[in-house]
Every structure is written in structure tokens, then in C-alpha cells.
Amino acid sequence: MSTTSTDPEAAALLANVRTSGARLSAAMYDILKTRLLEGRYAAGEKIVVESIRQEFGVSKQPVMDALRRLSSDKLVYIFPQSGCEVVSYTQREVEDFFTLFGGFEGTIAAVAAARRTDAQLIELGVISSRIDALLTSHDPEVRAHGYRIHNREFHAAIHTMAHSRIMAETSQRMWDMSDFLINTTGITNPLSSALPERQDDHHAIIGAIRRQDEGAAREAMERHIVGTISVIRDEAGDLAG
């Protein structure tokens, strides 16, 4: 699943880094993390440092620095003196994560319902309309990629409503893990087939936040996040079939 040529955006980022004098290791971290979250590498896949080094024309050090940070993020595992691979989590671990994540995001949604402003509610609706537009696409890749991007925007807007930096920063790390777990399953265009149901969930969340119904917002959000487990299971079953 790994890429064989340098992405234009990645090349532009590195060019800017070299121009500005920014640290290459930070740029390599951003590039490799994006690839992991987008499923460019599969769970358990080997990451060859030399191939990355040659691809981007950098020394080994910034690549290793980036991989060490990704190891701290629990996205890759570094084997001393032998190599690096993408972390592979068991089905039980994935389900445990989304159960925990659902409770946390439900709490944020409840706080957002209590604290949101009318302007923030309008912005949430604008983001939701971008996801609505994806429903008309018959291209699974467009639907899957667009949903990943706009879904993060949707939930980030709710985090902003909560007016809590500690909640937002903690949730950001959990969303990274969520994207990673969804996109390294080996499923092609994950969540694309479930887009209508996922957006129905979003509409329910918006409605509860609009009414400032904290309990309903918590319940709708938790159900939405935990429901990811069954979507992944169903899509994985279709793949196996």
C-alpha cells in the first residue's frame, strides 16, 4: 500500500523547509504521519528507512527522528537494529479504543451543547453541508477521502464549541489514532459505503447541540463513535467475502 513516488504536497513541504531553514525531521514527521493516517501503509507493513531517505533526498537522521516520534504516538514500532513497521492492533484493541473514544467525544459534545454560540452553530452547518455534497458522488475514493477530511473539520468545530483547550488537544491525538485504525485495516475506501448513516448521525448531533440538550448530544455522539466498530467489521466482512 505504500507510495512509490514523492507526493506533490510532500515535495512542496520539503522545498519550503529547505528554503526556510525549518527542521527536516519535523517535516518528515508530518509527511509520514499523513501517510499513516490516510492508510498509505497497511498494519504490519515494513517501513524501509533507506527507501524513504532516497525518495526525499534526505539523510537517515531526519527520517529516524520522525519515526521515533511516530513510535511515541503508537503508530509505528521500531525494532532495535532490525527495522520499523506499522503497528498492528488486534480487533479487541480496536473495539476497546472506540468504546473509550466514544465516551470521551460524548463528553465533549455535551459541553459543546452547553457552551456553543450561534455563530459556531452556523459554521458547523456549513461543514456538514460539505459532507452532504459527498453523498451525490458515485466515486468511493472521493467519498472516503472527502469524508475523512470534512469529518475531522466537523468534530474540530464541536471541540471549538466546548471552549476547552485540554479537551481539544487530547481529542486531537485520539482522532489521529481513530484515522489510523480505520485506514490501516486493508479496507479499500473505508466508511464510503456507510456515509449516509454517518451523516444521519451528524444531523442528530447538530440537532441536539442546537437545542442545547446536553444529554442528547452526549448520547448521539457516543453512539456515532462507537458505531464505527460495526462499520469496520461489516466492511472487513465484505472484503473477506
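Please refer to the structure placed before this passage.
Given the structure is predicted, the values throughout are model-derived calculations rather than measurements.

Chemist: With reference to specific residues and values, describe helix α7 (residues 140-162).
Modeler: Taking 1.5 Å per residue, 23 residues should reach 33 Å; α7 reaches 33 Å between its end C-alpha atoms and fits that length. The N-terminus of α7 is capped by Asp139, whose side-chain oxygen sits 2.9 Å from the backbone nitrogen of Glu141. Phi turns positive, to about 55°, at His163, one or two residues after α7.

Chemist: Any chance you could break down helix α10 (residues 214-226) for me, citing the residues and the numbers?
Modeler: Taking 1.5 Å per residue, 13 residues should reach 18 Å; α10 reaches 18 Å between its end C-alpha atoms and fits that length. Among the residues of α10, Ala217, Ala220, Met221, His224 and Ile225 are the ones counted as buried. Take α10 and look down its axis: the buried residues cluster within an arc of 125°, on one side only.

Chemist: Run through the packing of α7 against α10, naming residues and quoting values.
Modeler: For the pair α7 and α10, the least separation of the axes is 14 Å and the interaxial angle reads 150°. Classified by the angle their axes make, α7 and α10 are roughly antiparallel. Relative to α10, the crossing made by α7 is left-handed. Residues Tyr147, Asn151, His155 and Ile158 of α7 lie in contact with α10, whose contacting residues are Met221, His224 and Ile225. Here the residues of the contact of α7 with α10 are counted per class, giving four nonpolar, three polar and no charged.

Rules used in this analysis
Residues numbered from 1 in each chain as written. Predicted model: local features only at pLDDT ≥ 70, side-chain atom pairs only at ≥ 80, totals over all residues. Heavy atoms only, no water. Helix = DSSP H or I, 4+ residues; strand = E, 2+ residues; numbered from the N terminus. Expected span 1.5 Å × (residues − 1). Polar contact = N/O pair within 3.5 Å; in protein donor to acceptor, adjacent residues only side chain to side chain. Buried < 20%, exposed > 50% of the residue type's maximum accessible area, 1.4 Å probe, protein only. Arc of directions from axis to C-beta. Axes fitted to C-alpha atoms, helices over the stretch in contact; angles between N-to-C directions. Parallel < 35°, antiparallel > 145°, perpendicular 65-115°, else oblique. Left-handed = near helix turned anticlockwise from the far one by under 90°. Contact = heavy atoms within 4.5 Å. Nonpolar A, V, L, I, M, F, W, Y, C, P; charged D, E, K, R; others polar.

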